[in-house]
Amino acid sequence: MHRRLFTRALAVSVLVATAAAAGATTATAEAPTPAQTRLHATIDTILADSRLDGAQAGVVVVDATTGRTLYDRNGQRRLVPASNTKLLTSTAAMELLGPGHRFTTDVSTDGPRRGGLLSGDLYLRGGGDPTMLAADYDQLAGQVAAAGVRVVTGDLVADDTRYDRTRLGPDWTWDDEPYYYAAQVSALTVAPDTDYDAGTVIVHAEPGTRAGSRPKISMTPDNGWLRVDNRAQTVAEGETTISFEREHGGNTVVVTGQIAVGEATESDWVTVWEPTGYAADVFRSALRRHGVRVLGRTVLGRATPDTARPLARHDSMPLADLMVPFLKLSNNGHAEVLTKELGRVLSGSGTWAAGLSAIGEYAGDAGVDTGTLRQRDGSGLSRRNLVPPAQFVTLLSAVRAEPWFDTWYAALPVAGNPDRFVGGTLRSRMVSTPAAGNVHAKTGSLTGASGLSGYVTDADGRLLAFSIVLNNYLTSSVKGLEDQIAIALATYTEKGATTARMTVPTAPDSPRVPEGRECSWVKPALC
């Protein structure tokens, strides 16, 4: 299917695999150079940290141009990769869907019209767009009104049939379900802001005017799909302890805790139950604002007839642009939508199974040994994902020859860059070190699982591909150890090197992030 990619990747994978097969800590089949010996000793020292006692560590470093392996510790060991899984999903999407791929949301009808009266149903059809904002639904409603429609006698039909009705990923844990990084996936959904966390709302609690009163609760976007059970209190003074929790199986958000008079508004992101209904609610309200009345009810999940005539349309940004919020902010929803979109486009089935099959085929064509790994979702939330670090390095080496590589590379988080849409999940890591502005890599975080895989330019100007995957540790974070390795790679040189051990680099402390979360998953973002 992808013979051009396969032929090139075969050569890369032979180079990588030949060296990687050598064993736990050997560098290449050849005798290591003095520089490699120093690098080995440095990384070995970092991995000997007591925080990794009893844990598993896989680290592979390869010269991305020659394929020469510079370091390999357990490179073929299958480990839980967390959000490093997005490397597989994003590259498959760029290759198989293409950088110009867009998602379309449209409105149509199959009923006759007489003047402003539409005798029939109005169909809102979702194309999977995870970037649809309330403003975009407002524009669609404006187009319907501009077409002359004033009254719809039938129903508003919310068509989400591009994808299946399985809303949550395989193996996701139940306690993640209310949080925005585990939002339900639908072909028809809403994002509350330009982080594009589709299937969520932002709930705000503003203190009341006096102690003893209830805080004022509002939502972005305003909607009638969620109900608020406000149990919180305004107090005269004290710490803000407001909490927003959506009850399982429904759309009641329970607000508890306290907020003091005069304090700033407290906000949090909450997932919705059934995002298709959420989108339909937002669109119906927009129609009302534009003077379009729908007399019938809202119907979810019915397909648009082939005979329907178009009234309005919205196209998303191209996939090349979507890569920025997707990878910089480690957006799980984008990963899962792209997985289902791959299945829909390539096999006509918008399911996780079909999408993962397409990703696996692509990875195999890129030289990845797919028989050594298991991918269960697009984002990495599943703990049944298992990928050897060496296979990430094979992929990273192979995609450098792709015409879309520069776009994809630029979308990876950049160490130490404070701009949220440049540094992303690495914006507060490796600051003021040789790795800052240098390392382009995907982060990964689950409780007891962490990863950092990507690229770094060494002190001699060579581009290195690396993968660090750490599992089964009991400490709250091992990000500092990943950063130490990345800094060591940024300072690696073979010019005038001896076998003397390199100085083990120190890594600046990162902001405190709750255990098992990507820093961009903590709202407001800490990174």
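Residues numbered from 1 in each chain as written. Predicted model: local features only at pLDDT ≥ 70, side-chain atom pairs only at ≥ 80, totals over all residues. Heavy atoms only, no water.

Participant: Help me get a handle on the sheet that holds strand E10 (residues 216-220), residues and values and all.
Facilitator: Read from one edge of the open sheet, three strands run E10-E9-E16, paired in antiparallel fashion. In this open sheet, the two edge strands, each paired with only one partner strand, are E10 and strand E16 (266-271). The sheet shows a mean angle of 25 degrees between the axes of neighbouring strands, taken without regard to direction. In the sheet, strand E9 (residues 200-206) pairs with E10 via five bridges, with the strands oriented antiparallel. Among the inter-strand pairings, Glu 206 is bridged to a residue of E10, identified as Lys 216. (Pairing = 2+ DSSP bridges. Helix = DSSP H or I, 4+ residues; strand = E, 2+ residues; numbered from the N terminus. Axes fitted to C-alpha atoms, helices over the stretch in contact; angles between N-to-C directions.)

Participant: I'd like a description of the environment of Ala 92, backed by residues and values.
Facilitator: Among the secondary structure elements, Ala 92 is positioned in helix H3 (residues 86-96). Expressed as a C-alpha distance, the spacing of Ala 92 and Leu 342, which sit 250 residues apart in the sequence, is 8.4 Å. If sequence neighbours within four positions are ignored, Ala 92 has contacts with Leu 97, Leu 342, Ile 359 and Tyr 362. (Contact = heavy atoms within 4.5 Å.)

Participant: Outline the pairing of strand E1 (residues 56-63), listing residues and values.
Facilitator: Judged by how many residues are buried, E1 sits mostly within the fold: seven of eight residues are covered. Where E1 lies against strand E22 (residues 463-471), eight bridges are found, and the strand directions are antiparallel. Bridging across to E22, Val 62 finds its partner in Ala 465. Sheet topology places E1 next to strand E2 (residues 69-73); four bridges connect them, and they run antiparallel. Its bridge partner being in E2, Val 62 is matched across the sheet by Thr 69. Hairpin connection from E1 to E2: five residues lie between these consecutive antiparallel strands, with Gly 67 at a positive phi of about 80 degrees. (Buried < 20%, exposed > 50% of the residue type's maximum accessible area, 1.4 Å probe, protein only.)

Participant: Account for the nonpolar core, naming residues and giving values.
Facilitator: Judged by nonpolar contacts, the single largest core of 49 residues is most densely connected at Met 323, Trp 408 and Tyr 455. Counting only elements with at least two residues in this core, the list comes to E1, H3, helix H6 (319-328), helix H7 (332-347), helix H8 (352-365), helix H9 (389-398), helix H10 (405-411) and E22. With near-sequence residues (within four places) excluded, Trp 408 lies in contact with Leu 87, Ser 90, Thr 91, Met 94, Met 323, Leu 327, Leu 396, Val 399 and Tyr 455. By size, the runner-up hydrophobic cluster in this structure holds 40 residues, among which are Val 107, Leu 118, Leu 124 and Val 203. (Core = buried A, V, L, I, M, F, W, Y, C linked by side-chain atoms within 4.5 Å.)

Participant: Explain the side chain of Arg 73 to me, and be specific about the residues and the numbers.
Facilitator: By secondary structure assignment, the location of Arg 73 is in strand E2. A distance of 2.9 Å separates a polar atom in the side chain of Arg 73 from a polar atom in the side chain of Asp 44. (Polar contact = N/O pair within 3.5 Å; in protein donor to acceptor, adjacent residues only side chain to side chain.)

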